[in-house]
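# Remarks on the overall topology
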Amino acid sequence: MSGDEPTAGGATGSVDYGGSARRPAEGGRLGWLFDPRLLLVAGGSVAVVALAGLVQVSFGTYSMTVGQAWRAVLDPAVLLDPRWLLSFLVGEELMRAITGFQGALPELTRETLVVWNIRLPRVLVGAIVGMNLAVSGAIFQAVTRNELASPFILGVSSGAGLMILLTLVVFGGLSAFLPLIAAVGGSVAFLLVYAIAWKNGTSPVRLVLAGVIVGTVFNSLQTGLFFFADDISVVQSAIQWTTGSLTGTDWEQVRMALPWTLVALVLSLAGARQLNLLLLGEQTAKALGMSIERVRFALSGVAVLAAAASIAVAGIVSFVGLIVPHVVRTLVGSDYKRVIVGCLFVGPALLVGADVGARLGMGAITGADAQVPVGIVTGLVGGPYFLYLMRRQQNVGDL
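Everything in this summary refers to the structure shown in the same document.

## Let's talk about the overall build of the chain
- The helix and strand tally for the chain stands at 17 helices and zero strands.
- In the chain, which comprises 399 residues, the proportion classed as buried is 52%.
- Residue pairs in contact within the chain that sit at least 24 positions apart in sequence constitute 77% of those at least 6 positions apart.
- Accessible surface computed for the chain: about 18000 Å², of which carbon and sulfur atoms make up 67%.

What follows is the structure, encoded as structure tokens:
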């Protein structure tokens, strides 16, 4: 076997096609979903999100006990009334257009209003962002066959962040179109990376190196934009975008990111087989009839869409797209159907947990409800993790 092809049972990131790729045939096409490892990862991640989310919704200026917060989350007045659920998910105007309801909505208790209007959306945005970044990182790592690849490394985050900063600082009236603007910025950045890496085709190494170059240039342009901002509030908002923050998120951000997230996740699951073939090496994939560049470009577009959806609502959150796919592969194996599904659970668990840790940690230090960008916490967690990874493994980076 050539040096660029993964071996069964080799170092981490290698593809265990001797077993995991054949198991889906057992028990039908969806039999792989009942893999005990995958079920354990999903269950544990859901428990983390539920526990962290419960802490999150009970923590704030309006104090309430965990029991009160739990009762507010499960309030039948919301859960059993489709008008309230639609009002939160699509907005009151669209809810009235869909249902034809023109009267006043039933009253809710103060605790329920605080939880559902203010605090629960932050948990949902955190879950959506974690999901998107994890899936985006997993796709980029398969496309480049390098487990150090991520939206940040490949310049996508920098491109999307630059366009968002440009909108906030120069074109403030376009802020309603941030998801689209972020997607355009991320797409342009990746097109530049692809053009720089192209030389009778691309290679994983050239893609990563080109991504580092484009990301460095775009990060410098982001820094330069601060000098053109006269309003201190704009500067503070821009800093939040560049560090990644869930502060101030509400249902508008949920509505903004959710449609793009669903599209990206469906496409990523549909492309799992192609991702598995890419991991076998270009020669093997070509022998099996794959158009390498076309598939690599299309899957990268899905990863860009997922990253842009998260950046548009939470800014540039570091390390999630880098470490979550590696953790998932370690837990469930390298079959990308399992990896993608695992990322849908582990990504939210990491980000929602990190956001709660940021609030509780600063609250313990300052004695107040301090708002710390979640990107700082993910960076503090992700950095030591990769130092540990580099010390433990000799061939880190190969996938």
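## Describing the packing of aromatic side chains
- This model, assessed by the stated rule, comprises seven aromatic pairs.
- Taken together, a centroid distance of 5.5 Å and an interplanar angle of 20 degrees make the contact between Phe-88 and Trp-116 stacked. Of this pair, Phe-88 sits in helix α4 (residues 82-90) while Trp-116 sits in helix α6 (residues 110-144), placing them 28 residues apart in sequence. Grouping residues by exposure puts Phe-88 and Trp-116 together as buried.
- Measuring from centroid to centroid gives 5.3 Å for Phe-88 and Trp-251, while their planes differ by 20 degrees, and the two rings are stacked. Linking Phe-88 in helix α4 with Trp-251 in helix α11 (residues 251-270), this pair joins segments that are 163 residues apart in sequence.
- The exposure class of Trp-251 is buried, given its relative accessible area of 6%.
- Members of the aromatic cluster, connected to one another through ring pairs, are Phe-140, Phe-190, Tyr-194, Trp-198 and Phe-297.
- The ring of Phe-101 carries Arg-83 above its face, with NZ or CZ at 4.6 Å from the centroid.

## A word on the pattern of salt bridges
- Applying the stated criterion across every chain, the model contains eight salt bridges.
- A salt bridge links Asp-35 to Arg-37; the nearest nitrogen and oxygen atoms lie 3.3 Å apart.
- Overall, Arg-37 belongs to the partly exposed group, its relative accessible area being 35%.
- Among the charged side chains, a network of salt bridges with common partners joins Asp-35, Arg-37, Asp-335, Lys-337 and Arg-338.

## Things to note about helix α14 (residues 292-314)
- With 23 residues, α14 extends 33 Å from end C-alpha to end C-alpha; this agrees with the ideal 33 Å at 1.5 Å per step.
- Judged by how many residues are buried, α14 sits mostly within the fold: 18 of 23 residues are covered.
- Looking one or two residues beyond α14, the residue adopting positive phi is Gly-315, at roughly 80 degrees.

## Digging into unusual backbone geometry
- Positive phi values are uncommon outside glycine, yet Phe-319 reaches one of about 75 degrees.
- Tracing the backbone through its elements, the reader meets Phe-319 in the loop between α14 and α15 (320-332).

## Section: the environment of Val-328
- When you line up the elements, Val-328 lands in helix α15.
- Val-328 sits in the buried class, given a relative accessible area of 0%.
- Sequence-wise, Val-328 and Val-346 are 18 residues apart; in three dimensions their C-alpha atoms are separated by 7.3 Å.
- Not counting the four nearest positions on each side in its chain, Val-328 is found in contact with Gly-333, Arg-338, Val-339, Gly-342, Cys-343 and Val-346.

## Re the environment of Val-125
- Note on placement: Val-125 falls in helix α6.
- Placed 124 residues apart in sequence, Val-125 and Thr-249 show a C-alpha to C-alpha distance of 7.2 Å.
- Setting aside chain neighbours within four positions, we find Val-125 in contact with Leu-246, Thr-249, Asp-250, Gln-253, Val-254 and Val-313.

## Some thoughts on empty space enclosed by the protein
- If you walk through the whole model with that rule in mind, you get one cavity of 30 Å³ or more.
- What lines the largest cavity is a set of 16 residues, and nearest its centre among them are Leu-133, Pro-151, Ser-157, Val-317 and Gly-321.
- Broken down by secondary-structure element, the contributors of at least two residues to the lining of the largest cavity are α6, α14 and α15.
- Take the lining of the largest cavity: its biggest share by element is three residues, from α15.
- Classifying every residue of the lining of the largest cavity by side-chain character gives ten nonpolar, six polar and no charged.

## What to know about a nonpolar patch on the surface
- A contiguous nonpolar patch, built from Val-170, Phe-171, Leu-174, Phe-177, Leu-180, Val-184, Val-188, Leu-192, Ile-196, Ile-213, Val-217 and Leu-221 and spanning about 1000 Å² of accessible area, is present on the exposed surface.
- At the level of elements, α8 (178-197) and α9 (204-225) are the ones that each hand at least two residues to the nonpolar patch.
- Counting residues per element, the nonpolar patch draws most heavily on α8, which supplies five residues.
- With respect to the helices and strands, Phe-171 occurs in the loop between α7 (156-169) and α8.

## Points about helix α12 (residues 272-279)
- Counting buried positions over the eight residues of α12 gives six, a clear majority of the element.
- A positive backbone phi angle near 110 degrees is found at Gly-281, which sits one or two residues after α12.

## Topic: the environment of Glu-92
- Structurally, the position occupied by Glu-92 is in helix α5 (residues 92-99).
- Looking at Glu-92, its side chain comes within polar contact range of the side chain of Arg-96, at 2.7 Å.

## Points about the nonpolar core
- Core analysis: the largest hydrophobic core is formed by 97 residues, its most contacted members being Ile-139 and Tyr-336.
- Take this core: its biggest share by element is 18 residues, from α6.
- Grouped together as the second largest cluster of nonpolar side chains are ten residues, Ala-160, Ile-164, Leu-178 and Trp-241 included.

## Some thoughts on the packing of helix α1 (residues 36-57) against α6
- Contact geometry for α1 and α6: axes closest at 9 Å, N-to-C directions at 140 degrees. Relative to α6, the element α1 lies oblique. Crossing handedness for the pair α1 and α6: right-handed. Across the interface between the two elements, Gly-53, Gln-56 and Val-57 from α1 touch Val-115, Arg-119, Leu-120, Arg-122 and Val-123 from α6.
- Its residues assigned to classes, the contact of α1 with α6 shows four nonpolar, two polar and two charged.

Calculation notes
Residues numbered from 1 in each chain as written. Predicted model: local features only at pLDDT ≥ 70, side-chain atom pairs only at ≥ 80, totals over all residues. Heavy atoms only, no water. Helix = DSSP H or I, 4+ residues; strand = E, 2+ residues; numbered from the N terminus. Buried < 20%, exposed > 50% of the residue type's maximum accessible area, 1.4 Å probe, protein only. Contact = heavy atoms within 4.5 Å. Areas by Shrake-Rupley, 256 points an atom, 1.4 Å probe, with all protein chains shown as cover. Phe/Tyr/Trp six-rings, centres within 6.5 Å; stacked < 30°, edge-to-face > 60°. Lys NZ or Arg CZ within 6 Å of the ring centre and 35° of its normal. Salt bridge = Lys/Arg side-chain N within 4 Å of Asp/Glu carboxyl O. Expected span 1.5 Å × (residues − 1). 1 Å grid on protein atoms, 1.4 Å probe; cavity = no way out; pocket = protein on both sides within 12 Å on 5 of 7 lines; lining within 4 Å. Points joined across faces, edges and corners; volume = space filled by probe spheres on them. Nonpolar A, V, L, I, M, F, W, Y, C, P; charged D, E, K, R; others polar. Patch = residues over 30% accessible without salt bridge, like charges linked within 9 Å, V, L, I, M, F, W, Y side chains within 5 Å. Polar contact = N/O pair within 3.5 Å; in protein donor to acceptor, adjacent residues only side chain to side chain. Core = buried A, V, L, I, M, F, W, Y, C linked by side-chain atoms within 4.5 Å. Axes fitted to C-alpha atoms, helices over the stretch in contact; angles between N-to-C directions. Parallel < 35°, antiparallel > 145°, perpendicular 65-115°, else oblique. Left-handed = near helix turned anticlockwise from the far one by under 90°.

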